[in-house]
Every structure is written in C-alpha cells, then in structure tokens.
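Residue-level structure breakdown
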Amino acid sequence: MGKLTYVKSASQLISMDGGLGPRTGRGMSMLGITANGSVVIEDGIIVFSGSDTLAEHYLSTCQDEVEIIDARGKVVTPGLIDPHTHAVFTGSRENELELRLQGAKYIDILKQGGGILHTARSTREASEEELVRQSKVRLDHFLLHGVTTIEAKSGYGLTLTDELKQLRAARALNASHPIDVVSTFMGAHAVPEEFNDNPEDYVDLVINEMLPAVAEQELAEFCDVFCEQGVFSTAESRRILEAAGRHGFKLKIHADEIAENFGGAELAAELGAVSAEHLLKASEEGIQALARSGTIAVLLPGTAMFLMEQPAAARKMIEAGVAVALSTDCNPGSSPTSSMPFIMNAACLTMKMTPAEVLTASTINAACAIGREKVMGSIEIGKQGDLVLFDAENYRQLQYYYGMNLVHTVIKKGQVVVKGGVLVD
C-alpha cells in the first residue's frame, strides 16, 4: 500500500494548468482558479487536482493510507521556482551597499577588485564542503519562502578547478536538499584579476578548457555569460555561447543590465537562448527580437532596487508578447535575498506587473526558463507534487500584504518540508 497526500478545501487552488509552454500577453493572467480546491499526490506525483467534491469521489476508490492537510482559508499554488540565482558561494559584501549609497557604480566597484572578484577570492579559498554548508543555509531560507526549485550559476571560481568545485557543490546540494537545484556554468561571469592584461586569453580558457571539462563531467545543463560593457563584449559572448552550444549546453545570457544599446537581448534572440536575464536597458529592437524568438525574459526587480537603478520595462515586454519570468538573483553583492514573495511584491510595485502576472512569472514561466515545464510549474496530473500553502484568502492578498512572508506549508514531491512556517526535520 502506498501513501497519499491530500491537500483539501483551499480557499483558492491556483493550478496554472493549460499547456506546457510559457505564457505570454493575456495568457499571463490565466491562473486556473478553483474555489474549495483539492490536490492528491501519490509517490511524489500529482494524481488529482480539482474541486473538493470530486476529490472525495476520487479518494473513495482508493485503499491507500491518506495524509490529510487542511488548506481552509489558504491559497494553494505550485511551488515557487527561482530561475536565476548565484546561491553557491561563500562570504558577503555588505560594505558595497554603503559604497553605492555614496555614489559608486557596480562596474566601478568591480574594476577596483570588488564585486564578483571579491566573492571569487572568498569562494576560491573555501573547501567544497564549506561551500555546501554555507549554501545549504541559503536553500533552507528559499524553502521557508515557498521556493521548491532554483537554478544555480557558477562564476565565483573563475579558474577551472574552482568552477568545477562550485558546480560539484551545487550537485551535492541537489542530491541532499529537498530543493531541486538546476546548474548553470558561468565561467564567463567576470575576467579574473590575473587576466586583466589579456582578457582574450581568459575567453580562450573558458572555451578550450572549462566548457569541455564541465560537459565531460556533466556538471551543468546551461551556459550563461555576463554580456555587458566592462565585462564581456557581444563578440566575446557570442564566441563562448556558440562553443557552449557545440558542447550541448542550453544557453542563457546576462543581458543589457547596465549599458544602453549593448545588444545583449538581440544576441540572446539570435542564438535561440532559453532566457535573457536582467534586461534593465533592453532596446525596443531587443524586446521585439525576444518576442519573435520565444526567449524568456527573466527579470530581477530586487537587483534593480538594490543597485538603485530603473527596473526593467516589464509592461512593455508583456505587451510585446515576451514571456516574463521573475527571480531573486540571490547573490552576495547586488541582490542578497532568497525571498521570492518579496520579489513578487517588487514586480508589482516597481514594474507594474499584476498579481496574476507575477504568479505566472514565478511558476510556469520560471519552469520554462530552466527547461522544467514538463515536470513542475503547475498543479497538473503527472507533475511533481510541489505545492505552497499561503496564509491568504485569495491570490491578490499575496501582493497586497507586501514585505511579509505568508508561506504556511511547503510540500516537495508530496512530502511536507515546511509546516506552520517552520522547517520540518
């Protein structure tokens, strides 16, 4: 006999059902709401989603042991998905907040050996075990905020040895923590200090040594590049990403975060990247190119806020037909947060996305941005039993009560991992 997990009587069940592809335009407001809704999970997989009445009929034919979770007065959504993080690192950079408050710019701090380079020094010094230990604490915080899957980028090693170490730590976390961790290789996150005089040699190192080693050891599914003025040019980014494609990696690009008219979004669309990320300064042409290519825009309103920059033009992207996803960009310098609920609030308050759109952007569209739409991102029969129960009567309250963590219960693959806002041992 198996065991069933029965989540019953939700005030609103937000299923996000209705197709495997990303939602665009008005489709981002179609939530699939069932009042007094129920979900049944068996062996980690959803086997029923619908009304309480139909759930009782379904369960009347089952002989299995049933764990009942009362969702009365709560909103039930798919597990939140964070499709852009740098969550595996050591150290912190709280001093940089004060520098920015005094007028320092992100790229200036990087050029002076801070930023990514500061974290790279710390991460290089850490053992793999220490990386896992510190990053596990972050994953616990993600879980407490309703996140059941994250993408995690490397890029704080910037040597072959340390990039592989960071990716192995991510793999260990995926194996040992309830959260699913999807790995992205990002050796092209910055040019390390030892290559300041010959950055092209570092590009060659990424292409000729790092990419083959990561591919051979199957440590990452995606490859990302920081395509930005003062980091990697569009030509350098193209070389790296085309090489990554030859090794079988799916492509992502940090694009158009800082400089106007840099062309990162256009490059992402041309190369058929799964996602283009940041996009604070994306051009009109770049937005139209993303819409035509189907490349997902992963927007990071917390980063724009923390860097005191204008946010991405989410409304313009949605109206152009671009699929939008949201992420924390969890990292030690420009977005030290693991709260997707806060990021969803920020998307409403700074980018004028609607409460319905941010739910779509944090579930099914986020799943598409990491190639997981067939197994998660919606509450549908056959998908993983990843759910969040929020202390809210309707989905609009999730954004109305801003800056608050309303997560009550988190279920991962049918197992309760957070209950009453507390981690379950």
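Structural notes, computed from the coordinates. No experiment lies behind these values; they were computed from the predicted model shown.

What the protein contains, in helices and strands, is 16 helices and 17 strands. Whereas a compact globule of 425 residues would reach a radius of gyration of roughly 22 Å, the protein reaches 21 Å, a difference of no more than 12%. Oriented by its inertia axes, the alpha-carbon framework of the protein measures out at about 70 × 45 × 40 Å. A total of 425 residues make up the protein; the buried ones form 59% of that total. Look at the contacts in the protein between residues 6 or more apart in sequence, and 74% of them connect residues 24 or more apart. Within the structure as shown, the protein displays about 16,300 Å² of accessible surface, and the carbon and sulfur contribution to it stands at 50%.

Before going further, it helps to spend a moment on unusual backbone geometry. Positive phi values are uncommon outside glycine, yet His278 reaches one of about 90 degrees. Structurally, the position occupied by His278 is in strand S11 (residues 275–278). By relative accessible area, which is 3% here, His278 ends up buried. Unlike most non-glycine residues, Asp329 shows phi in positive territory, near 60 degrees. Within the secondary structure layout, Asp329 lies in the loop between strand S13 (324–326) and helix H13 (340–351). By relative accessible area, Asp329 is classed as buried at 2%.

The next thing to look at is the nonpolar core. Counting 113 residues, the largest nonpolar core has Leu279, Leu299, Leu326 and Met353 as the members making the most contacts within it. In terms of residue count, the dominant contributor to this core is helix H7 (residues 199–216) (nine residues). In contact with Leu299, not counting residues within four places along its chain, are His278, Leu279, Ala312, Ala314, Met317, Val324, Ala325, Leu326, Ser327 and Met351.

For the rest of this paragraph, the subject is the pattern of salt bridges. Going through the model one piece at a time under the given rule, you end up with 28 salt bridges. Residue Asp391 pairs with Lys74 through a salt bridge whose shortest N-O separation is 3.6 Å. Of this pair, Asp391 sits in the loop between strand S14 (387–390) and helix H16 (397–400) while Lys74 sits in the loop between strand S4 (65–70) and strand S5 (75–78), placing them 317 residues apart in sequence. By relative accessible area, Asp391 is classed as partly exposed at 39%. Exposure remark for Lys74: the relative accessible area of 13% places this residue in the buried category. The salt bridge partner of Arg315 is Glu319, with a shortest N-O separation of 3.7 Å. Residue Arg315 and its partner Glu319 are located together in helix H12 (residues 314–320), separated by four residues, close to a single helical turn.

Reading the values: the criteria
- Residues numbered from 1 in each chain as written.
- Predicted model: local features only at pLDDT ≥ 70, side-chain atom pairs only at ≥ 80, totals over all residues.
- Heavy atoms only, no water.
- Helix = DSSP H or I, 4+ residues; strand = E, 2+ residues; numbered from the N terminus.
- Rg over C-alpha atoms; globule rule 2.2 N^0.38 Å.
- Buried < 20%, exposed > 50% of the residue type's maximum accessible area, 1.4 Å probe, protein only.
- Contact = heavy atoms within 4.5 Å.
- Areas by Shrake-Rupley, 256 points an atom, 1.4 Å probe, with all protein chains shown as cover.
- Core = buried A, V, L, I, M, F, W, Y, C linked by side-chain atoms within 4.5 Å.
- Salt bridge = Lys/Arg side-chain N within 4 Å of Asp/Glu carboxyl O.

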